[in-house]
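Chain by chain, the residues run as shown.
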Amino acid sequence: MSIPAAIVALSCGEEAAGPVGSLCATRHGLEVCVDRPEYEPSQSITVTSRNVSDARIFKDSCAVKPVGVTNLEVEFEAFYNPTLHCGRGATRADIVRNMVELEPGDSTRETVTLPFFSFQGWYRVNVWLLDAEGNLAVDTPARSGIFQVFPSVGE
């Protein structure tokens, strides 16, 4: 397969993620982008989410999470956990209070921090979508393009 054909194959369809190195990906009508191709453990990631659909989208701010793999042939984690940013006892009311409504064309920007113990590998940021009542709208997250995490080289 030629390089242009591979790029077209990777960029078509709702579930396509784009080629490795693309900082943005679109899934479920939400484009999710990170600000850099490489990070170190404990660094902050600026995540921009933009509604590219024709419908209103509700983004769960409680469960935005960077997830990583050491081998691109395995699936990235897709485990929903709203207690990440809304606390151990997060209720549906907490989730609804913290969700962000995006009209078509609207975008948000937020910062998430990589854990101190992040391993070297390829990562994405998962962004979960909800319905107006705070239930999961789909069973897989929207997600950013792929970026890499390398251990600190020290100074």
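Provided above is the structure to which this section pertains.
Structure report, in brief. (Residues numbered from 1 in each chain as written. Predicted model: local features only at pLDDT ≥ 70, side-chain atom pairs only at ≥ 80, totals over all residues. Heavy atoms only, no water.)

Points about the overall build of the chain
- Helix and strand counts for the chain come out as 3 helices and 12 strands.
- Looking at the chain as a whole, 38% of its 155 residues are labelled buried.
- Sequence-distant contacts, at least 24 apart, represent 66% of the contacts inside the chain between residues at least 6 apart.
- As displayed, the chain has an accessible area near 8,500 Å², and 54% of this comes from carbon and sulfur atoms. (Helix = DSSP H or I, 4+ residues; strand = E, 2+ residues; numbered from the N terminus. Buried < 20%, exposed > 50% of the residue type's maximum accessible area, 1.4 Å probe, protein only. Contact = heavy atoms within 4.5 Å. Areas by Shrake-Rupley, 256 points an atom, 1.4 Å probe, with all protein chains shown as cover.)

Examining the state of the cysteines
- Inspection of the entire model under this criterion finds 2 disulfides.
- Paired by a disulfide, C24 and C33 hold their sulfur atoms 2.0 Å apart. As the torsion about the S-S bond is roughly 115 degrees, the C24-C33 disulfide counts as right-handed.
- Judged by its relative accessible area of 27%, C24 falls in the partly exposed class.
- A disulfide bridge connects C62 with C86, and the sulfur atoms are separated by 1.8 Å. A torsion of -70 degrees about the S-S bond marks the disulfide between C62 and C86 as left-handed. Placement of the pair is C62 in the loop between β5 (57–59) and β6 (65–69) and C86 in helix α2 (residues 83–86), with a sequence separation of 24 residues. The exposure classification of C62 matches that of C86, with both residues buried. (Disulfide = S-S within 2.5 Å.)

Here's the deal with the packing of aromatic side chains
- One pass over the full model with this rule turns up 4 aromatic pairs.
- For the ring pair Y123 and F147, a centre distance of 6.0 Å and an interplane angle of 20 degrees mean the geometry is stacked. Taken together, the positions of Y123 in strand β9 (residues 121–127) and F147 in strand β12 (residues 147–149) put the pair 24 residues apart, joining distant regions of the chain. Here Y123 matches F147 in class, with each residue buried.
- Ring-pair connections join several aromatic residues into one group, and the members of that group are Y39, F119, Y123 and F147.
- Its end group placed over the ring of F76, R124 keeps NZ or CZ at 5.1 Å from the ring centre. (Phe/Tyr/Trp six-rings, centres within 6.5 Å; stacked < 30°, edge-to-face > 60°. Lys NZ or Arg CZ within 6 Å of the ring centre and 35° of its normal.)

Points about the sheet that holds strand β2 (residues 30–34)
- Spatial ordering of the open sheet is given by β1-β2-β4-β8, a layout of 4 strands whose pairing is antiparallel. Looking at which strands have only one partner, the edges of the open sheet turn out to be β1 (24–27) and β8 (107–113). On average, each strand axis in the sheet is inclined to that of its neighbour by 20 degrees, with strand direction left out of account.
- Pairing analysis gives 7 bridges linking strand β4 (residues 44–51) to β8, with the strands arranged antiparallel. Bridging across to β8, S49 finds its partner in T108. (Pairing = 2+ DSSP bridges. Axes fitted to C-alpha atoms, helices over the stretch in contact; angles between N-to-C directions.)

Here we look at the environment of N81
- Take N81: it is sitting in the loop between β6 and α2.
- A residue is classified by how much of its surface remains accessible, and N81, at 22% relative accessible area, is partly exposed.
- Considered as a pair, N81 and K65 are 16 residues apart in the sequence and their alpha carbons are 9.0 Å apart.
- Within polar-contact distance, the side chain of N81 engages the side chain of T83 at 2.4 Å. (Polar contact = N/O pair within 3.5 Å; in protein donor to acceptor, adjacent residues only side chain to side chain.)

Section: the pairing of β1
- Because side chains alternate across β1, one face comprises the buried residues A25 and R27, and the other comprises C24 and T26, none of which is buried.
- Two strands pair when backbone bridges link them, and β1 and β2 are joined in this way by 4 bridges, in the antiparallel orientation. Within β2, the position partnered with A25 by the bridge is V32.
- What sits between the antiparallel neighbours β1 and β2 is a turn of 2 residues, in which H28 has the positive phi angle 60 degrees.

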